[in-house]
Amino acid sequence: MKTFAITALVLNVLISFAQKKPTAKQLQEFDAYVEAVRKEWDVPGLAITVVKDNQVVFKKGYGVRELGKSEPVDTQTLFACASTTKAMTVTLMGMLVDEGKVSWDDPVYKYLPELQFSDPYLTREVKVRDLLTHNTGIGSTDFFTGAMTIPAQEMFRRMVYVKPSYSLRSGFIYQNIMYSAAGRIIERLTGKKWSEVMQERIFNPLGMTQTAPKRGLSKSTNMTKPHYNINDTIRVIDYGADSEIGSAGAVWSSVDDMSKWIICMLDSSKYSGGRLVKPQTWAEIFKPQAMVPDDEYPTMQILKPNWLTYGLGWYQHDYRGHKVNFHTGSLGGLTAITGQLPDEKLGVYVFGNYDHAEVRHVLLYKTLDFFALGGNRDWNAEFKTLYGNLKEQGKKAARAFQEKRVANTSPSVPLKEYTGKYTSPLYGKAEVTLVGNQLVFNINDNALNATLAHWHFDTFYGPYQKAWYGKALARFGLGNSGQVDSLVFGGMDFRKE
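Small disclaimer: the values here were computed from a predicted structure and weren't measured. (Residues numbered from 1 in each chain as written. Predicted model: local features only at pLDDT ≥ 70, side-chain atom pairs only at ≥ 80, totals over all residues. Heavy atoms only, no water.)

Caption draft 1: Inspection of helix α9 (residues 194-206) at higher detail. Here α9 is 13 residues long and its end C-alpha atoms lie 17 Å apart, about the 18 Å a rise of 1.5 Å per residue gives. The largest bend in α9 comes to about 30°, at E200. For α9, the elements touching its buried residues are α3 (85-98), α8 (176-190), α10 (246-249), α11 (255-266) and β7 (270-271). Residue G207 follows α9 closely and has a positive phi angle near 70°. (Helix = DSSP H or I, 4+ residues; strand = E, 2+ residues; numbered from the N terminus. Expected span 1.5 Å × (residues − 1). Bend = angle between axes of the 7 residues up to and from the residue. Contact = heavy atoms within 4.5 Å.)

What follows is the structure, given as structure tokens:
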């Protein structure tokens, strides 16, 4: 009896400690840390929210919305959720599963017959679940949004020309277009646009009044601008177009609203008016579905997890004996990250307005330690070293590319012979014109432009029109007759008309 009483007392003390709210001094310490690392990583603006035990324990904006201007980031400033949108799309699909309108393991062709793959077996066997776990065997097809402006239906039509990178469910390659397909299935089952369903069935019930399914649907003027490092100078860049694949990453929100989403997801999808999905559906979303290679995220070099998996719209790994659910989001000049420590009822969301600002990883793991697990590991120093080394490797690779240039070569034919129109059933069309002694490339009616000088042999090299895209490489091929008959631009193959 005495032993039981002591055990109960110890348990009560532990529970009390675990549920104890951080003091004002501790929050000030965390606040100072966030601001210090933001500055160290040169991020113009950042916002963060931390949720513990169904309550927001910390929430704040830092820096400015746009370099050169004074408007500060606050908790209502809108940022791009980018690929953290995927978890919301999965939740919508889960609602339809609960209603009996679809099953995770239904074949995709049942709802989206126009999505055809090069292998008929793949067309027949790909399931709804596969769309959400990056497990179809189809590699990245981000050129559909980066190098052209076409409707999603046209993307699906062209998918038949994409060769699989691996067999069905035997690997993992991140795939945005498949989430677009999931969004189109939601539209067919509801008879409404994905954006409307998202607004009606998630944002409205959770009271996410500032959140918009796409940037163009927001009426807020409190919105950040994207930033990019161009020639060692951080500059404001253009917004990307509202994507045709919105269900993969189009939502814009604030940390005020994302706090509500985090609370809902940590509490098995409950909110004040009920719950979004049934308990078993919520559990299925967070169940590991596919193994993920260790090199998916550079941060895993430091974390060294025993396992890394993907659920339905969430990455997962172990950390100090606990399961972490997380996902990043990246658009041109904008970043996001969200993470959960479910057994501690702890969640965090971080927005940034600087391209691939990896301070987001620092803040994720600092939050897990600071608000739940303890310890004083210097995540900032470790991640700064990691990403600093990766940056140096990139510079080294660029120098190696330069060194491989063969000097004193000439094009095989006069520059005028390279001009003309080129086409591809997969990549669309390219037009090459001559201005002075440089070739001007127009890919898919100005979706992607570059002006390139001669590099060596029949290869041309130079900057994209949008400087933040980096440098473009174009290589021409000559047929048996000695005439130009093909073009490879940015890895995309075209044939001359």
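Now that the structure is up, let's keep going.
Caption draft 2: Quick peek at the UniProt feature "domain: Beta-lactamase-related" (unreviewed entry) in the protein chain. The positions that UniProt labels "domain: Beta-lactamase-related" (unreviewed entry) are, in the present scheme, residues 31-359. Regarding residues 31-359, the helix share stands at 31% and the strand share at 21%, and the terminal C-alpha atoms are separated by 14 Å. (UniProt positions renumbered as here; feature names shortened; annotations may be inferred.)

Caption draft 3: Main features of the packing of α3 against α9. Between α3 and α9, the shortest axis-to-axis distance is 11 Å and the interhelical angle comes to 80°. In terms of axis orientation, α3 runs roughly perpendicular to α9. In this structure, α3 uses T85, M88, T89, T91, L92, M95 and L96 to contact α9, whose residues at the interface are W194, V197, M198, R201, I202 and F203. Across the contact of α3 with α9, the residue classes break down as nine nonpolar, three polar and one charged. (Axes fitted to C-alpha atoms, helices over the stretch in contact; angles between N-to-C directions. Parallel < 35°, antiparallel > 145°, perpendicular 65-115°, else oblique. Nonpolar A, V, L, I, M, F, W, Y, C, P; charged D, E, K, R; others polar.)

Caption draft 4: Up close: the environment of V102. Turning to its location among the elements, V102 is positioned in the loop between α3 and α4 (120-125). Sequence separation of V102 and V128 is 26 residues, and the distance between their C-alpha atoms is 8.7 Å. Excluding residues that lie within four positions of it along the chain, V102 makes contacts with M93, L96, V97, Y111, V128 and L189.

Caption draft 5: Region of interest: helix α15 (residues 379-403). Taking 1.5 Å of rise per residue, the 25 residues of α15 would be expected to cover 36 Å, and the 36 Å separating its terminal C-alpha atoms lies within 8% of that figure. Three or more residues of α15 are buried, namely W379, N380, F383, L386 and Y387. Tucked inside the fold, the buried residues of α15 contact α2 (24-40), α13 (300-303), β11 (315-319) and α14 (359-373). (Buried < 20%, exposed > 50% of the residue type's maximum accessible area, 1.4 Å probe, protein only.)

Caption draft 6: Local environment of the packing of aromatic side chains. The tally for this structure, following the rule as stated, stands at 36 aromatic pairs. Between F30 and F58, the aromatic rings sit 5.1 Å apart at their centres with planes inclined by 85°, giving edge-to-face as the arrangement. Here F30 is found in helix α2, whereas its partner F58 is found in strand β2 (residues 55-63), with 28 residues between them in sequence. Note on F30: relative accessible area 1%, which makes it buried. Exposure remark for F58: the relative accessible area of 9% places this residue in the buried category. Their ring planes at 70° and their centres at 6.4 Å tell us that W41 and Y387 sit as a pair that is edge-to-face. Remark: Y387 occurs in helix α15 and W41 occurs in the loop between α2 and β1 (45-52); sequence separation between them is 346 residues. (Phe/Tyr/Trp six-rings, centres within 6.5 Å; stacked < 30°, edge-to-face > 60°.)

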